[in-house]
Amino acid sequence: MSNGAMPKPEGSDRADAPRHVAIIMDGNGRWAAARGLPRAEGHRRGVEALRKVVRASHELGISYLTIFSFSSENWSRPASEIGDLFGLLRRFIRNDLATLHADGVRVRVIGEREGLESDICALLTEAEDLTRNNTRLTLVVAFNYGSRQEIANAAQRLAREVADGKRDPATITPDVLGAHLDTSDIPDPDLIIRTSGEQRLSNFLMWQAAYSELVFVPIHWPDFDKAALEGAIAEYATRERRFGGLVAKNVAKTGS
Ligand code: FPP
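Here's what I pulled together on the structure shown here. (Residues numbered from 1 in each chain as written. Predicted model: local features only at pLDDT ≥ 70, side-chain atom pairs only at ≥ 80, totals over all residues. Heavy atoms only, no water.)

1. Considering the overall build of the chain
Part 1: A count of helical and extended segments in the chain gives eight helices and six strands.
Part 2: Walking the chain from its N terminus toward its C terminus, one meets helices and strands in the order β-α-α-β-α-β-α-β-α-α-β-β-α-α.
Part 3: Taking 2.2 N^0.38 as the reference for a compact globule, 256 residues should give roughly 18 Å; the C-alpha atoms of the chain span a radius of gyration of 19 Å, in line with that estimate.
Part 4: Looking at the chain residue by residue over its 256 residues, the buried ones come to 47%.
Part 5: In the chain, 77% of the contacts between residues at least 6 apart in sequence involve partners at least 24 apart.
Part 6: Both charge centroids of the chain, one from 33 positive and one from 35 negative side chains, sit 1 Å from each other. (Helix = DSSP H or I, 4+ residues; strand = E, 2+ residues; numbered from the N terminus. Rg over C-alpha atoms; globule rule 2.2 N^0.38 Å. Buried < 20%, exposed > 50% of the residue type's maximum accessible area, 1.4 Å probe, protein only. Contact = heavy atoms within 4.5 Å. Lys, Arg positive; Asp, Glu negative; His and termini not counted. Charge placed at Lys NZ, Arg CZ, Asp CG, Glu CD.)

Spelled out as structure tokens, the structure:
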């Protein structure tokens, strides 16, 4: 359970804050290249930006923050860079877990655990177990994650239930499939932000993004901070979310 170590700042729980923000933290390599630094330094500065954004998220009243920290396609990078990214995850959990816990952050990890080194799996499990009952912010770490694999896994589980005679295929609705995804206990993202100017989802939360608002920010991830997050939220607040209907649900919800 959250021990409430971080005081609730003024302006938190704002009615216009999206409940769930998901971020594609792109541009670490380009940030480093622009400064003549190794890519690893870009990733290291990316972790610093992440720390700021986690803190800003609960200050701004966001309940769920999902970060794309290693995609199933990132295995195609050089082994040395993969080693750097795994090293940063190890260090992030070892150094920051106690603070995250003290700040009431619940850590959830989505993605494939199979094929990961056993110490990484143990750290991910430790982070989830320690913070399980925290309620201030859920930090969803998408690690070794790819949407297509996630959906294929859900399809496999459902197919097995049908083959075992436990399920009628006619009962497989979008809600049922959604309940078999890694994110079954997490609401769909309201806002997906991608930094560095690229404008695509890159196999990130593709099922869950059906009605998400997308905001593309031209700055590279290491330069992203609370002000940039507020800017993206301000852009989000201008959007009318009709979910296929005629009534703007976000405007009705906040009464503005
Ligand atoms: C994209 O930048 C970023 C990544 C592939 C990884 C994101 C990882 C971090 C911010 C740090 C590690 C995270 C944790 C949770 C410890 P890029 O390398 O694709 O940049 P580029 O497109 O400019 O080359």
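The structure having been displayed, the exposition proceeds.
2. Concerning the pattern of salt bridges
Part 1: In the structure shown here, the tally under the stated rule is 26 salt bridges.
Part 2: We note a salt bridge from R35 to D223, for which the minimum N-O separation is 3.8 Å. With R35 in the loop between α1 (28–33) and α2 (39–59) and D223 in the loop between β6 (213–216) and α7 (226–237), this pair connects stretches of sequence that are 188 residues apart.
Part 3: For R35, a relative accessible area of 42% corresponds to the partly exposed category.
Part 4: One salt bridge in this structure joins R241 and D190, with 3.0 Å as the shortest N-O distance. Remark: D190 occurs in the loop between α6 (174–178) and β5 (191–194) and R241 occurs in the loop between α7 and α8 (249–254); sequence separation between them is 51 residues.
Part 5: The buried category is assigned to D190, whose relative accessible area is 14%.
Part 6: Among the charged side chains, a network of salt bridges with common partners joins D26, R30, R194, E198 and R200. (Salt bridge = Lys/Arg side-chain N within 4 Å of Asp/Glu carboxyl O.)

3. Describing the pairing of strand β2 (residues 64–71)
Part 1: Counting buried residues along β2, seven of its eight residues qualify, which places the element largely inside the surrounding structure.
Part 2: Pairing of strand β1 (residues 20–24) with β2 involves four bridges; the strand directions are parallel. Residue pairing across strands places V21 opposite L65, the latter belonging to β2. (Pairing = 2+ DSSP bridges.)

4. Focus: the environment of I23
Part 1: Along the chain, I23 falls in strand β1.
Part 2: By relative accessible area, I23 is classed as buried at 0%.
Part 3: The residues touching I23, leaving out its near neighbours within four places in the chain, are V53, L65, T66, I67, F68, I193, F204, W221 and F224.

5. Some details on the site of the ligand
Part 1: Neighbouring residues of the ligand: 20 residues in total, closest M25, G29, R30, R39 and R77.
Part 2: Here an oxygen atom of the ligand and a backbone polar atom of G29 are 3.0 Å apart.
Part 3: R77 is positioned with one of its side-chain polar atoms (N or O) 2.8 Å from an oxygen atom of the ligand.
Part 4: For the ligand, the accessible surface in isolation is 620 Å², of which the surrounding protein chains cover 91%.
Part 5: Looking at the shell around the ligand, the elements with two or more residues in it are α1, α2, β2 and α3 (79–102).
Part 6: When residues in the shell around the ligand are grouped by element, the largest group, five residues, is from α2.
Part 7: Here the shell around the ligand is composed, by residue class, of nine nonpolar, seven polar and four charged. (Near = heavy atom within 4 Å. Polar contact = N/O pair within 3.5 Å; in protein donor to acceptor, adjacent residues only side chain to side chain. Areas by Shrake-Rupley, 256 points an atom, 1.4 Å probe, with all protein chains shown as cover. Nonpolar A, V, L, I, M, F, W, Y, C, P; charged D, E, K, R; others polar.)

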